[in-house]
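# Observations on the model geometry
Chain residues, written in single-letter form:
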Amino acid sequence: MGDIIKAACPCGLTSKQIYRGIGFGYFETGYFCEPAYCDTCGIVEGKDASKSFSKCPSCRSKVKFYNPQLNEQEEETTGEPAFSHYLAGKKQWHCPKCKQDTLKFENLGCWD
Ligand SMILES: [Zn+2]
Ligand SMILES: [Zn+2]
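The text that follows walks through the structure, step by step, so that each part is easy to find. If you're wondering where the values come from, they're calculated on a predicted model, not measured in any experiment.

### What about the overall build of the protein chain?
Broken down by element type, the protein chain carries 3 helices and 6 strands. When its helices and strands are written in sequence order, the protein chain yields β-β-α-β-β-β-α-α-β. Across the 112 residues that make up the protein chain, the buried fraction comes to 26%. Of all intrachain contacts in the protein chain linking residues separated by at least 6 positions in sequence, the fraction that spans at least 24 positions is 41%.

Shown next, in the form of structure tokens:
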């Protein structure tokens, strides 16, 4: 269950659709997806946020999550991830391509 979102910035950056949220296998795999970005490559992608280290698909360095809680987590998380509505809390976000805070997330719908 979750939202389908997409990131877009006036500089031309767009992401693929990101299926944000908890997948079917969550309770077995811990997999859940959150938008993350790579400042080196200028891309935004949905990444598995249950791992403490998610790699950029092209340069292999660590990506950063937009959810500030996920970047701070160092100890193992227990229980369900906190799905705060942090994306609604800010209108414009850091764009890894033009480095301005002009990136927006569009909500395309829900999935289940
Ligand atoms: Zn990269
Ligand atoms: Zn941009």
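### Here we look at the nonpolar core
Counting 16 residues, the largest nonpolar core has Tyr37, Cys38, Val63 and Leu103 as its most contacted members. Secondary structure elements with two or more residues in this core: β1 (2-8), β3 (32-38) and β4 (43-48). In terms of residues, this core owes the most to one element, β3, which gives 3 residues. Apart from the residues lying within four places of it in its own chain, the contact partners of Leu103 are Ala7, Cys9, Leu13, Gln92, Trp93, His94 and Cys95.

What counts as what
Residues numbered from 1 in each chain as written. Chains lettered and ligands numbered in written order. Predicted model: local features only at pLDDT ≥ 70, side-chain atom pairs only at ≥ 80, totals over all residues. Helix = DSSP H or I, 4+ residues; strand = E, 2+ residues; numbered from the N terminus. Buried ≥ 20, exposed ≤ 12 C-beta atoms within 10 Å, placed from the backbone. Contact = placed C-beta atoms within 7 Å. Core = buried A, V, L, I, M, F, W, Y, C linked by C-beta atoms within 7 Å.

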